[in-house]
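Inside the fold
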Amino acid sequence: MAIALATENGGTQRVEVIEGGRALAMSSDDGECRRFHAIWLRDNALDDSTRSPQNGQRLVTLQQIPADTRIAAAALQGDELQVTFAPEQHSTRFPLAWLWRHGYDGAAPREAGWTAPEIETWDASLSAEVPEGRYDAVAAGGAARRDWLAQVRRYGFAKLSGGPAESGALVTVAGFFGFVRETNYGKWFEVRAEVNPTNLAYTGLGLQAHTDNPYRDPVPTLQILYCLENSAEGGDSFVVDGFHAARCLRDEDPAAFGLLTRYCARFDYAGSAEVHLAARRPMIELNPDGEMIAVRFNNRSAAPITDVPYHEMEAYYAAYRRFGEIIEDEGLQVSFKLQPGECFIVDNTRVLHARHGFSGEGSRWLQGCYADKDGLLSTLRVLEEAAS
């Protein structure tokens, strides 16, 4: 057993090798404690022989690390912890701040439907301060781009105003953080009334709040809708936080929430030649630890539900109906009318979007495209790291 003491920023750090070297306990004078297993520490070693100094990727596999890895010695050296592992006799150092940040000990079970701390759910009260950025400022990069992308991460959507009313401008917007995801609709698609439309989006009808393309696997995680003309009467856009709606269902009827998370819905699209897309996923998707990670809701693309047992099908449909009623509650909707040169971006795994019907007078022309959230979050992390 090894014990070490050090002072960092006025606080005492204490380290003890426990369980015969199979783990290590690190505590501070304010009572916080974290335990780390030897195999976890060895697998996550930060030295250049374990991880590439160029990109941080692992250079060894778990199978190359002895299964009987133990901590032979541990000592605090300033703001770092030096650990020596047996039987390799491999030594490495961990910054104390890194260890505290990556601690996994003592994580309390959370209620199903929890969300990451950087996510803020919302209702219609957000209408008073719709998240928005200015095109020129975001295009210039730096803090304005970082703040706009952070709003998308936080709220699941954001507007962008002051852009050019030019066909294809939405591709430039996607380039602010990533790349367009091309689909059978093309690199981008036109959203305006058509004769004999292949999709109800291409009519003047109002559209129920929905997520796009649930019949794809993987689903496009971001959508951009860019306005080029909007002189028609009506046609206002509105968005609904699907995570908030799902929590409302959970709090009102946990059993109904459980049904929509436990069983898959099916979605299908075959609206144009040589295209037939199909997927099965739950309407409310949770990670194994209960984290809410996606909502899929699109009545137009719903296929027959066949994955729910007979004895639960009626209850499932009641849950499905109630979820739709919550989504349609005006108290959850944030509405706005796009002007030419304005656009909005939605996290298509979380935020449902819709529009009110519009008349044949005037014109309404939007262009839409898809992109991927991993690129947006990557760009945001780089900008945040540059500012720290």
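Whatever comes next refers back to the structure up there.
A brief look at the structure comes next. Everything quoted here is computed from the prediction, not taken from an experiment.

**A short note on the overall build of the protein**
- A count of helical and extended segments in the protein gives 9 helices and 22 strands.
- Its C-alpha atoms give the protein principal-axis dimensions of roughly 80 × 55 × 40 Å.
- Buried residues in the protein amount to 48% of all 388 residues.
- Here the contacts in the protein between residues at least 6 apart in sequence split such that 71% fall between residues at least 24 apart.
- Summing over all exposed atoms, the protein offers an accessible surface of approximately 18600 Å²; the carbon and sulfur share of this is 49%.
- The distance from the centre of the 37 positive side-chain charges to the centre of the 54 negative ones in the protein is 3 Å.

**Structural notes on the packing of aromatic side chains**
- Under the criterion given, the structure shown has 16 aromatic pairs.
- An angle of 90° between the planes, with centres 5.7 Å apart, marks the rings of F297 and F323 as edge-to-face. Taken as a pair, F297 in the loop between β18 (292–295) and α8 (310–327) and F323 in helix α8 lie far apart in primary sequence, 26 residues in all. A single burial state applies to F297 and to F323, both of which are buried.

**Here we look at the nonpolar core**
- Judged by nonpolar contacts, the single largest core of 52 residues is most densely connected at F157, V239, Y316 and F323.
- With 6 residues, the single largest contributor to this core is α8.
- Leaving out residues up to four positions away in the same chain, F323 has contacts with G242, A245, A246, L249, L260, I284, V295 and F297.
- Within the second largest apolar cluster, 25 residues are counted, among which are V173, F177, W365 and C369.

**With respect to helix α6 (residues 242–252)**
- For α6, the full list of buried residues reads G242, F243, H244, A245, A246, L249 and R250.
- Buried positions along α6 lie against β14 (237–241), α7 (254–262), β17 (284–286), β18, α8 and β21 (351–355).
- Capping of α6 at its N-terminal end is provided by D241; its side-chain oxygen lies 3.0 Å from the backbone amide nitrogen of F243.

**Focus on the pairing of strand β4 (residues 33–37)**
- Residues of β4 alternate between two faces, with R34 and F36 buried on one and C33, R35 and H37 left unburied on the opposite face.
- Across 5 bridges, strand β3 (residues 23–28) lies against β4 in antiparallel orientation. Bridged to A25 within β4 is R35.
- Between β3 and β4, which pair antiparallel in sequence order, lie 4 residues; one of them, G31, sits at a positive phi of approximately 95°.

**A look at the pattern of salt bridges**
- This model, assessed by the stated rule, comprises 22 salt bridges.
- Put simply, K159 and E342 hold a salt bridge, and the shortest N to O gap is 3.8 Å. Of this pair, K159 sits in strand β9 (residues 157–161) while E342 sits in the loop between β19 (333–336) and β20 (343–347), placing them 183 residues apart in sequence.
- One salt bridge in this structure joins D307 and R280, with 3.2 Å as the shortest N-O distance. One end of the pair, D307, is in the loop between β18 and α8; the other, R280, is in strand β16 (residues 277–282), and 27 residues separate them in sequence.
- According to the relative accessible area criterion, D307 is partly exposed, its value standing at 22%.

**Things to note about unusual backbone geometry**
- Each neighbour pair has its own omega, and for A86 with P87 the value is 5°, a cis peptide bond.
- Along the chain, the position of P87 falls in the loop between β6 (80–86) and β7 (90–95).
- Between D217 and the following residue, P218, the backbone shows a cis peptide bond with an omega angle of 5°.
- Along the polypeptide, P218 turns up in the loop between β12 (207–210) and β13 (222–230).
- Phi is positive for E274, close to 65°, though the residue is something other than glycine.
- Accessibility expressed as a relative area gives 87% for E274, which makes it exposed.

What counts and what doesn't
Residues numbered from 1 in each chain as written. Predicted model: local features only at pLDDT ≥ 70, side-chain atom pairs only at ≥ 80, totals over all residues. Heavy atoms only, no water. Helix = DSSP H or I, 4+ residues; strand = E, 2+ residues; numbered from the N terminus. Buried < 20%, exposed > 50% of the residue type's maximum accessible area, 1.4 Å probe, protein only. Contact = heavy atoms within 4.5 Å. Areas by Shrake-Rupley, 256 points an atom, 1.4 Å probe, with all protein chains shown as cover. Lys, Arg positive; Asp, Glu negative; His and termini not counted. Charge placed at Lys NZ, Arg CZ, Asp CG, Glu CD. Phe/Tyr/Trp six-rings, centres within 6.5 Å; stacked < 30°, edge-to-face > 60°. Core = buried A, V, L, I, M, F, W, Y, C linked by side-chain atoms within 4.5 Å. Polar contact = N/O pair within 3.5 Å; in protein donor to acceptor, adjacent residues only side chain to side chain. Pairing = 2+ DSSP bridges. Salt bridge = Lys/Arg side-chain N within 4 Å of Asp/Glu carboxyl O.

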